[in-house]
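Next come the chains, spelled out residue by residue.
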Amino acid sequence: GPLEEVSIPFYFGWFLLSSVQDKVRCTSMDFLKTLDTLEAFKKHMIDFTGKAEKEVDLEQYFEAKGTLHCTTKFCDYGKAEGAKEYALKPTVKDFYGSTFELSLSALFVTPRTVGARVSLTEEQLLLWPDDAEKEAASVVPAAASLPLGSRAHVTLGCAEGVEPVQTGLDLLEILALQQEGQQGELVEEMELGSLTYYGEGRWLLSLREPICAPACFSSFYT
Ligand code: ACK
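Note that the structure is a prediction, hence the values are computed from the model and not measured. (Residues numbered from 1 in each chain as written. Predicted model: local features only at pLDDT ≥ 70, side-chain atom pairs only at ≥ 80, totals over all residues. Heavy atoms only, no water.)

Participant: Please clarify how helix α1 (residues 18-37) should be interpreted in this entry.
Facilitator: Each α-helix winds once per 3.6 residues, and so residues spaced three or four apart point in a common direction. The end-to-end C-alpha distance of α1, which contains 20 residues, comes to 30 Å, matching closely the 28 Å that a straight helix rising 1.5 Å per residue would cover. All of the buried residues in α1 are Val20, Gln21, Val24, Thr27, Ser28, Phe31, Leu32, Leu35 and Asp36. Taken end-on, α1 shows its buried residues confined to a sector of 165°, consistent with a single buried face. Opposite the packed face of α1, turned more than 90 degrees from it, sit the exposed residues Ser18, Ser19, Asp22 and Thr37. (Helix = DSSP H or I, 4+ residues; strand = E, 2+ residues; numbered from the N terminus. Expected span 1.5 Å × (residues − 1). Buried < 20%, exposed > 50% of the residue type's maximum accessible area, 1.4 Å probe, protein only. Arc of directions from axis to C-beta.)

Here's what the structure looks like:
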């Protein structure tokens, strides 16, 4: 009967504890502020504005999207493929409500999104769906051959009209370029780490010191 049915959430993921949410938001804002002032960024500003000469204020350009988290499985209340199987996995049940330490290893910016790359541990990968990268292959073909967990990220902001699902796709695109051997253009050593440009408005800052973010594995409804 209906009472025995599992209620499947909108998505499962790691939710950053509130103390670290502020830290991550501040780091991201600092990065955007600095990026905005770099000559190298100004040279490629057209990627963001579509017009030469026009200025962009990156801090205003992106809108924050709710509480900071790293999605493991997007379930859409059971409508997404594999949602029910994921919700019923023993590891998912066992770890539900546990706190983990996520390692945020890079920040990235594109004309669509700003996000943090999450480098998952072996244990964290137990909660990662086998098909998360393959599912993105219709949009980012090379994604299917990237290692498990490549898509793991925290969305920090989206440009107007852009949905947060885009953040993981933008990250996969950058990682696919790296895998193809495109090293990008090392732009500068910043205090936070080294900044690389991958063309078409794609910027990656590899953090000198990854941010350790305590996060609770849980789910989100509505
Ligand atoms: O920033 P995100 O990881 O991207 O967190 C949100 C969350 O689920 C609620 O919208 C992510 N999301 C949305 N649609 C999908 C999808 N089709 N595949 C994977 N993640 C998704 C979104």
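Participant: What should I look at first to understand the pairing of strand β6 (residues 153-159) in this one?
Facilitator: Along a regular strand, successive side chains alternate from one face of the sheet to the other. Counting buried residues in β6 gives 7 out of 7 residues, a clear majority hidden from the surface. Taken together, the 2 bridges between strand β2 (residues 62-63) and β6 define a ladder with antiparallel strand orientation. Directly across from glutamate 63, in β6, lies its bridge partner cysteine 158. In this structure, strand β5 (residues 113-119) lies alongside β6, joined through 5 bridges in antiparallel fashion. Paired with arginine 117 across the strands is histidine 153, a residue of β6. (Pairing = 2+ DSSP bridges.)

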